[in-house]
Amino acid sequence: MKKAKQSKSIWLAVVILTAITTVGALPGLILSAINDITWLMAVCLVVFIHGFFGITFYALALGGASRDVRVVDAVVNCHLTTVNDISMYVHTAYGTTAESIRRSMKKGYIKGYIFDGEELKPIEPPKESRCEYCGRALPPTSTHCPYCGGTIVKE
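Keep in mind the model is a prediction, meaning the values are calculated, not measured. In every chain, residue numbers begin from 1 and rise along the written sequence. Reporting of local features is limited, given that this is a predicted model, to residues whose pLDDT is at least 70; pairs of side-chain atoms are given and counted only at 80 or more, and all residues count toward the totals for whole chains, interfaces and linings. Water and hydrogen atoms play no part in the side-chain values, which are based on all heavy atoms of the structure.

Chemist: Explain the packing of helix H3 (residues 83–90) against helix H4 (residues 94–107) here, please?
Modeler: Working note: a packed helix pair is described by the angle between its axes plus the distance between those axes. Two elements in contact, H3 and H4, have axes whose closest approach is 9 Å; the angle formed by their N-to-C orientations is 100°. Classified by the interaxial angle, the pair formed by H3 and H4 is roughly perpendicular. Within the contact between the two elements, H3 uses Val 83, Asn 84, Ile 86 and Ser 87 and H4 uses Tyr 94, Thr 97, Ala 98 and Ile 101. Amino acids outside the nonpolar list (Ala, Val, Leu, Ile, Met, Phe, Trp, Tyr, Cys, Pro) and the charged list (Asp, Glu, Lys, Arg) are all regarded as polar, and Gly is one of them. A breakdown of the residues in the contact of H3 with H4 according to their chemical character gives five nonpolar, three polar and no charged. Note on geometry: axes are C-alpha line fits, over the in-contact stretch for helices, and angles between N-to-C directions span 0 to 180 degrees. The secondary structure listing takes helices from DSSP runs of H or I that are at least 4 residues long and strands from runs of E that are at least 2 residues long, numbered from the N terminus. In these notes the angle categories are as follows: under 35 degrees is roughly parallel, over 145 is roughly antiparallel, 65 to 115 is roughly perpendicular, and the rest is oblique. Contact criterion: two residues are considered in contact whenever any of their non-hydrogen atoms come within 4.5 Å of each other.

Chemist: Even after reading the chapter, I still don't get unusual backbone geometry, so can you show me in this structure?
Modeler: Trans is the prevailing form of peptide bonds, just as negative phi is the prevailing case for residues other than glycine. A positive phi angle is found at Asp 36, which is not glycine, with a value near 60°. Looking at where Asp 36 falls in the secondary structure, it is placed in the loop between helix H1 (2–34) and helix H2 (38–76). With relative accessibility at 65%, the residue Asp 36 sits in the exposed group. We note that His 79 has phi near 60°; this positive angle belongs to a residue other than glycine. Mapped onto the secondary structure, His 79 falls in the loop between H2 and H3. Relative accessibility decides the category of a residue: with a 1.4 Å probe and only protein chains considered, values under 20% of the type maximum give buried, values over 50% give exposed, and everything between is partly exposed.

Chemist: Honestly, the nonpolar core in this entry has me stumped. Any pointers?
Modeler: The tendency in soluble globular proteins is for nonpolar side chains to be buried as a group. If you look at the biggest cluster of nonpolar residues, it comprises 16 residues, and the most contacted ones within it are Val 71, Ile 86, Ile 101, Phe 115 and Leu 120. Of all elements in the fold, only H2, H3 and H4 reach the threshold of two or more residues within this core. It is H2 that contributes the most residues to this core, five residues altogether. With sequence-adjacent residues up to four places away left out, Val 71 is seen in contact with Ile 86, Val 90, Ser 100, Ile 101 and Ile 110. By convention a nonpolar core is built from buried Ala, Val, Leu, Ile, Met, Phe, Trp, Tyr and Cys residues, the set being connected through side-chain atoms within 4.5 Å.

Chemist: In this structure, what is going on with the environment of Thr 151? I would like to understand it.
Modeler: Considering the arrangement of structural elements, one finds Thr 151 in the segment after strand E4 (137–138). Residue Thr 151 is classed as partly exposed on the basis of its relative accessible area of 44%. Put simply, Thr 151 and Thr 96 are 55 residues apart on the chain and 52 Å apart in space, counted from C-alpha to C-alpha. Not counting residues within four places of it along the chain, the set of residues in contact with Thr 151 comprises Tyr 133, Thr 143 and His 144.

Chemist: Any chance you could explain the packing of aromatic side chains here in plain terms?
Modeler: Where two aromatic rings form a pair, the distance of their centres and the angle of their planes describe that pair. Think of it this way: a Phe, Tyr or Trp ring, Trp meaning its six-membered ring, pairs with another when their centres are within 6.5 Å, and the plane angle makes it stacked under 30 degrees, edge-to-face over 60, tilted otherwise. Applying the stated rule across the entire model yields three aromatic pairs. Ring plane angle 35° and centroid distance 6.1 Å describe the contact between Trp 11 and Tyr 58, whose orientation is recorded as tilted. Of this pair, Trp 11 sits in helix H1 while Tyr 58 is found in helix H2, placing the two residues 47 residues apart along the sequence. We classify Trp 11 as partly exposed; its relative accessible area is 28%. Classification of Tyr 58 by relative accessible area gives partly exposed; the value is 22%. Geometrically, the ring pair formed by Phe 48 and Phe 52 is stacked, given 5.9 Å between the ring centres and 25° between the ring planes. With Phe 48 and Phe 52 both in helix H2, this residue pair falls four residues apart, about one helical turn. Within the aromatic cluster, the residues linked to one another by ring pairs are Phe 48, Phe 52 and Phe 53.

What follows is the structure, given as structure tokens:
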């Protein structure tokens, strides 16, 4: 959850910084054109064009990060596991929610689950078995104890 919120905060900072520099570059562009300062005019033009066209993509990335935070919140804090339940909690479409779950798992926001496209299933580690005769730990698939030779009965 912390990584997802951190990613959202970074995208928010990028959007705000881009908006401020775009607005600041416009007067700089005008003043540098009036005073015939070519290098400053070029820099202001590049910053303005970058901000004018780039802020749309940065805002879309911020929206995706916000959706990922809501999906991670639904899984971690509300313990929802089906895509239908998560999409109703997050108020997004079914396919969008499934894609957000995949992206959140890929980025490491959601850990300890397997996603089959419909439901998140918790990963359970194999139970450690012990020999009933000597008490040593055994591999989960063994039928004979390699230490004392005893036969292991599986439940």
